[in-house]
Amino acid sequence: MSGRALSFGVVAEAYERFRPGYPVELFDVVTGYAGRPVRTALEIGAGTGKATRLLARRGVAVTATEPDLAMLAELRKHVPAGVRTERAAFEDLRPGERYGLLYAAAALHWTKPEGRWSRMAELLEPGGVFASFGGPVQPADPAVQEAVRAARAPFLESDDVPSPDGTPPENDMQWPGTELQRSEWFTGVQQSVIERRLTMSARDYVGHLSTISAYLVLPPPARKQVFGKIMQVLPRTVEISADVIVHLARRRYEP
């Protein structure tokens, strides 16, 4: 896995504190698409368990996998006792038990593209559902967003993770929906957006940025400088756009 993919463990507690959780509407979107009760789920790159909790507290038997030991330790502090946890990257998982739902919360882009969808299919029951969800957390005010970009520019051109397959941001269907549409293993690809607005203090927003991989791989002095510059341009209270982009697909009964 890349350095950015494995950079989160040093900020596991900050990740838990500053990253937003997931809204209840997400569970409704996933189960509505499934069209039947979701009883078992496998999570890829569970982090500190933000999405794990959403499903587990609604009766889904979740197996949460996470390659970073510090993140996994933080997850275990917060998830219900019935959640199974395993230290493993997606590529380490071996076919065996199959699940009704396989999902990744802001983690799918860290998986390797080679054999990604055939491996996903091996872990799903025929007709089972794959879900990927996440999205940028950024100032809702374009002027504040531009001020943050300008403050960041001497250190980072962008703090986004580029689309793994090169899909441009203006495309109607975004990644991973684009790959799912090309996969022989999946059908019924859907993309939807759960709109969400949050309010953060300036300090908490910078705390959120401190958990973003683009900043984590900067040298510590540069990281300190860029956070200081961003703090200077933020209002005391920051209105945040945190829409959740959801991609859903169904495993074919036959490839």
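Everything here concerns the structure above.
So, here is what we can say about the structure in this document.

Reading the values: rules and limits
Residue positions are given per chain, counted from 1 along the sequence in the order it is written. Only residues with pLDDT of at least 70 are given local features in this predicted model, and only at 80 or more are side-chain atom pairs given and counted; all residues enter the totals for whole chains, interfaces and linings. For the side-chain quantities, the full set of heavy atoms in the structure was used; hydrogens and water were omitted. Burial classification: accessible surface area is computed with a 1.4 Å probe over protein chains only, and a residue below 20% of its type maximum counts as buried, one above 50% as exposed, and the rest as partly exposed. Put simply, DSSP H or I for four residues or longer makes a helix, DSSP E for two residues or longer makes a strand, and each gets a number counted from the N terminus. For two strands to be treated as a pair, DSSP must find no fewer than two bridges joining them. A crossover gets the label right-handed when its path from the first strand over the helix to the second runs clockwise, viewed with the strands pointing away from the viewer. Among buried residues, those of type Ala, Val, Leu, Ile, Met, Phe, Trp, Tyr and Cys that are joined through side-chain atoms within 4.5 Å constitute a nonpolar core. Residues are treated as being in contact if the distance between any of their heavy atoms lies within 4.5 Å. We call two N or O atoms a polar contact when they sit within 3.5 Å, provided that within protein one can donate a hydrogen and the other can accept it, with sequence-adjacent residues counted only if both atoms are side-chain atoms. For helices, the axis comes from a line fit to the C-alpha atoms of the stretch in contact; other axes are also lines fit to C-alpha atoms, and the angle between any two N-to-C directions lies between 0 and 180 degrees.

**Some details on the pairing of strand β2 (residues 61-65)**
(1) Moving on: Counting buried positions along β2 yields four of five residues, so the element is predominantly enclosed.
(2) Moving on: Pairing of strand β1 (residues 40-44) with β2, which is carried by four bridges, proceeds in the parallel orientation. Counted as the bridge partner of A41 is V62 from β2.
(3) Moving on: Each parallel crossover has a hand, and the one from β1 via helix α3 (residues 50-56) to β2 is right-handed.
(4) Moving on: Of the strand pairs in this sheet, β2 and strand β3 (residues 84-86) are connected by three bridges, and their pairing is parallel. The partner of T63 across the bridge, within β3, is R84.
(5) Moving on: You can see the chain leave β2, run along helix α4 (residues 69-78) and come back into β3, and the turn it takes is right-handed.

**Some words on the nonpolar core**
(1) Moving on: Of all hydrophobic cores here, the largest spans 30 residues; its most connected members are Y22, L26, L55, L101, Y103 and F133.
(2) Moving on: Of all the elements in the fold, those that place two or more residues in this core are α2 (24-34), α3, β2, α4, β4 (99-105), β5 (124-134) and β10 (244-251).
(3) Moving on: In this structure, F133 is in contact with Y22, L26, A51, Y103, A104, A105, A106, V244, I245 and V246, ignoring residues within four places of it in sequence.
(4) Moving on: With 21 residues, the next largest nonpolar core counts A202, Y205, Y215 and L218 among its residues.

**Quick notes on the side chain of H247**
(1) Moving on: For H247, the location among the structural elements is in strand β10.
(2) Moving on: Note on H247: relative accessible area 2%, which makes it buried.
(3) Moving on: One polar contact links H247 to Q191, side chain to side chain, over a distance of 2.7 Å.
(4) Moving on: Setting aside anything within four residues of it in sequence, one finds H247 in contact with F130, A131, S132, M173, Q174, W175, P176, G177, Q190 and Q191.

**Details of the sheet that holds β10**
(1) Moving on: Ordered by their spatial adjacency, seven strands build an open sheet running β3-β2-β1-β4-β5-β10-β7, and the pairing between neighbours is mixed. The strands lining the two open edges of the sheet, one partner per strand, are β3 and β7 (186-194). Between one strand and the next, the sheet's axes are offset by a mean angle of 20°, whatever the strand orientation.
(2) Moving on: Bridge count between β1 and β4: four bridges; the pairing is parallel. Bridging across to β4, A41 finds its partner in L101.
(3) Moving on: Packed onto the sheet, α2 meets β4, β5, β7 and β10 and runs at close to 20° relative to β10.

**Describing the pairing of β5**
(1) Moving on: Counted residue by residue, β5 has nine buried out of 11 residues, so it is predominantly covered.
(2) Moving on: Pairing of β4 with β5, which is carried by six bridges, proceeds in the parallel orientation. The partner of L101 across the bridge, within β5, is V129.
(3) Moving on: Each parallel crossover has a hand, and for β4 linked through helix α5 (residues 116-122) to β5 it is right-handed.

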